[in-house]
Amino acid sequence: MVIATSKRISILGSTGSVGQNTLDLVDRNRDRFDVVALTAGRNVDDLIAQARQFKPLFAVIADPDAYKQLKDGLSGTGVSVAAGPDALIEAAQQPADLIMSAIVGAAGLKPTLAALAQSTVVALANKECLVCAGAIFMDAVRQHDATLLPVDSEHSAIFQVFDAQQSNTINRIILTASGGPFREWSIEDMAKASLAQATAHPNWSMGSKISVDSATMMNKGLEVIEAHYLFGLPESQIEILVHPQSVVHSLVDYVDGSVLAQLGTPDMRTPIAYALAWPDRMAVPCERLDLAEIATLSFEAPDSKRFPALALARNALQAGGAAPTLLNAANEVAVERFLAGEIGFLDIARAVEDTLVYCQYEAPSSLDDVLMLDTEARRAAGRWLAVGSAAE
Ligand code: NAD
Ligand code: MG
């Protein structure tokens, strides 16, 4: 008789879009998972509700001012609580079989590195970790003999059809992109785009930062860098293909002419479930793919003129050194300012481009170097956005 043991799971960023989808699957498979730690940035009400429902050992809020509210909200439940950046690391260090890294942005880097140091399985949604600290991050994976599983839908797709034993027989990988809400918009219209328009993704429901990244297509640029580190291929072997229906999630092109793809309806629970159940599979109550009903799948080349973020990310990867860290930080600042209604949509890519021209630094060789570059680029982008965008 095989006795099924449940996986101990921690979710960093449990109140976000990926975090909530992960907990939805945990809830449907209570016999397969025990929740160890849950963390959130500022959303203390949601964290309290999740901790009451899933009864983790530990609940952490990054915002130190929210500590009392979290403590009061969970008193009598037996859940230990803590707040602040160090507590996030502590959450990542709680012994677990699988840690979902779903904090948005470079804020997820230190907790995810702490998770890797457990030599356990890390399911990576937070692509910014790989963009801002790719080489250092992958060194940590190797050093701790951790298992890194991609959660981003394109990278999950590639992972599922990538023959790692014969990676020398892979010609190229092709990341599909929906094209975002502005796929057919003119530059003039994009210049006037509102926040609501930029975050209205045609196919996926996601957090606000990645939704704006999808509208600028910086998201696909970040994913090229993510794929480079995850699959060890040079930038020249990573292509982007716009596919508005988001059914083919990505493809691998082999030397013999075979092209393998993974398909499905656009539901993040599918790639999340692949990582949670790996190396097995588990059922997901997603809408089933009905190709006869969809009838037509279309594909087109990306337009790098209207979406300059694509070339910025590719150039940063080719340039290497400090460039990807600077690109990521400048983009995070610019997206925050756009979300706050302080700058226009086209200022996002301009701020990133000018930060990369202005900031010239050596390649980071440690986590401290990455954090220093991140801070410098945030300052430079902030200054540019205060002066450059006002000078229009
Ligand atoms: P989200 O904004 O919905 O959620 C982010 C989570 O991180 C929340 O729990 C939030 O409280 C927490 N957080 C935010 N700032 C924090 C900080 N400074 N310190 C600690 N915690 C903080 O984001 P999301 O859409 O779930 O995306 C999460 C990550 O997954 C991103 O890196 C994104 O690129 C990636 N991703 C998301 C999707 C998706 O469908 N949403 C798909 C692929 C990849
Ligand atoms: Mg993606």
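Residues numbered from 1 in each chain as written. Chains lettered and ligands numbered in written order. Predicted model: local features only at pLDDT ≥ 70, side-chain atom pairs only at ≥ 80, totals over all residues. Heavy atoms only, no water.

Asks: Outline the site of ligand 1, listing residues and values.
Replies: What surrounds ligand 1 is a group of 23 residues, the closest being Thr15, Ser17, Gly41, Glu128 and Gly207. One of the side-chain nitrogen or oxygen atoms of Glu128 is found 2.6 Å away from an oxygen atom of ligand 1. Burial of ligand 1 by the protein amounts to 84% of the accessible area it has alone, namely 830 Å². Contributing elements (two or more residues each) for the shell around ligand 1: helix H1 (17-28) and helix H6 (127-143). Of the residues contributing to the shell around ligand 1, the split by class is 12 nonpolar, eight polar and three charged. Taken domain by domain, the shell around ligand 1 gets at least three of its residues from each of domain 1 (7-150) and domain 2 (155-387). (Near = heavy atom within 4 Å. Polar contact = N/O pair within 3.5 Å; in protein donor to acceptor, adjacent residues only side chain to side chain. Areas by Shrake-Rupley, 256 points an atom, 1.4 Å probe, with all protein chains shown as cover. Helix = DSSP H or I, 4+ residues; strand = E, 2+ residues; numbered from the N terminus. Nonpolar A, V, L, I, M, F, W, Y, C, P; charged D, E, K, R; others polar. Domains from an automatic or database assignment.)

Asks: Describe the nonpolar core, naming the residues involved and giving the relevant values.
Replies: If you look at the biggest cluster of nonpolar residues, it comprises 94 residues, and the most contacted ones within it are Leu116, Phe137, Leu148, Ile173, Leu327 and Phe345. A per-element tally of this core places H6 first, with 10 residues. Per-domain counts for this core show at least three residues from each of domain 1 (7-150) and domain 2 (155-387). With near-sequence residues (within four places) excluded, Phe137 lies in contact with Leu109, Thr112, Leu113, Leu116, Leu124, Cys129, Leu130 and Leu148. Counting 40 residues, the second-largest nonpolar core is a separate cluster that includes Phe54, Ile61, Leu98 and Met282. (Core = buried A, V, L, I, M, F, W, Y, C linked by side-chain atoms within 4.5 Å. Buried < 20%, exposed > 50% of the residue type's maximum accessible area, 1.4 Å probe, protein only. Contact = heavy atoms within 4.5 Å.)

Asks: Quick one: what's the story with the domain arrangement of the chain, residue by residue and with numbers?
Replies: By the assigned domains, the chain splits into domain 1 (7-150) and domain 2 (155-387). Taken residue by residue, the interface counts 35 residues in domain 1 and 40 residues in domain 2. The largest share of the area that domain 1 buries against domain 2 comes from Lys127, Val131 and Pro150, three residues that together contribute 23% of it. The tally of links between domain 1 and domain 2 comes to three salt bridges. A salt bridge links Glu128 to Lys209, with the nearest nitrogen and oxygen atoms 2.9 Å apart. Taken together, the connections running from domain 1 to domain 2 amount to nine residue pairs in polar contact (both at pLDDT 80 or more). Those elements that provide at least two residues to the side of domain 1 that touches domain 2 are strand S1 (7-12), H1, strand S5 (98-101), helix H5 (109-116), H6 and strand S7 (147-150). In terms of residue count, the dominant contributor to the side of domain 1 that touches domain 2 is H6 (10 residues). (Buried area = accessible area lost by both parts, 1.4 Å probe. Salt bridge = Lys/Arg side-chain N within 4 Å of Asp/Glu carboxyl O.)

Asks: Which residues make up the coordination of the magnesium ion (ligand 2), and what are the values?
Replies: Within the protein, the magnesium ion (ligand 2) binds to Asp152 (OD), Glu154 (OE) and Glu223 (OE); these donor distances fall in the range 2.1 to 2.2 Å. If you list the donors of the magnesium ion (ligand 2) from N- to C-terminus, the spacing comes out as D-x1-E-x68-E. (Donors = N, O, S within 2.8 Å, 3.2 Å for Na, K, Ca; no water.)

Asks: So, the state of the cysteines: which residues are in play, and what are the values?
Replies: Per the stated rule, a full pass over the model turns up zero disulfides. Between Cys359, a cysteine without a disulfide, and Cys132, which holds the nearest cysteine sulfur, the sulfur-to-sulfur distance is 15 Å. By relative accessible area, Cys359 is classed as buried at 5%. (Disulfide = S-S within 2.5 Å.)

Asks: How would you sum up the packing of aromatic side chains? Please name residues and give values.
Replies: For any pair of aromatic rings, geometry is given as the distance between the ring centres together with the angle between the planes. Scanning the entire structure with this criterion turns up five aromatic pairs. Here the aromatic rings of Phe338 and Phe345 are separated by 5.7 Å at their centres, their planes lie at 70°, and the arrangement is edge-to-face. Accessibility classification places Phe338 together with Phe345 in one group, the buried group. Here the aromatic cluster, defined as three or more aromatic residues joined through ring pairs, consists of Phe182, Trp185, Phe338 and Phe345. (Phe/Tyr/Trp six-rings, centres within 6.5 Å; stacked < 30°, edge-to-face > 60°.)

Asks: Can you break down the side chain of Asn219 residue by residue, with the values?
Replies: Among the secondary structure elements, Asn219 is positioned in helix H11 (residues 218-231). Accessibility expressed as a relative area gives 7% for Asn219, which makes it buried. Looking at Asn219, its side chain comes within polar contact range of the side chain of Lys127, at 2.6 Å. In this view, Asn219 contacts Lys127, Ile210, Asp213 and Ser214; residues no more than four positions away in its chain are not counted.

Asks: Kindly report on the environment of Asp97, identifying the contributing residues and their values.
Replies: Examined against the element boundaries, Asp97 turns out to sit in the loop between helix H4 (85-93) and S5. Given a relative accessible area of 29%, Asp97 falls into the partly exposed group. The sequence separation of Asp97 and Arg8 amounts to 89 residues, and the corresponding C-alpha distance is 5.1 Å. Excluding residues that lie within four positions of it along the chain, Asp97 makes contacts with Ser6, Lys7, Arg8, Thr120 and Val121. Only 2.7 Å separates the side chain of Asp97 from the backbone nitrogen of Arg8, close enough to count as a polar contact.

Asks: Describe the sheet that holds strand S9 (residues 238-242), and please don't skip the residues or the numbers.
Replies: If you trace the four strands from one edge of the open sheet to the other, you get S9-S8-S10-S11, paired in mixed fashion. The outermost strands of the open sheet, each flanked by one partner alone, are S9 and strand S11 (259-263). On average, each strand axis in the sheet is tilted by 20° relative to the strand beside it, whichever way the strands run. Where strand S8 (residues 170-177) and S9 come together, five bridges link them in parallel fashion. (Pairing = 2+ DSSP bridges. Axes fitted to C-alpha atoms, helices over the stretch in contact; angles between N-to-C directions.)

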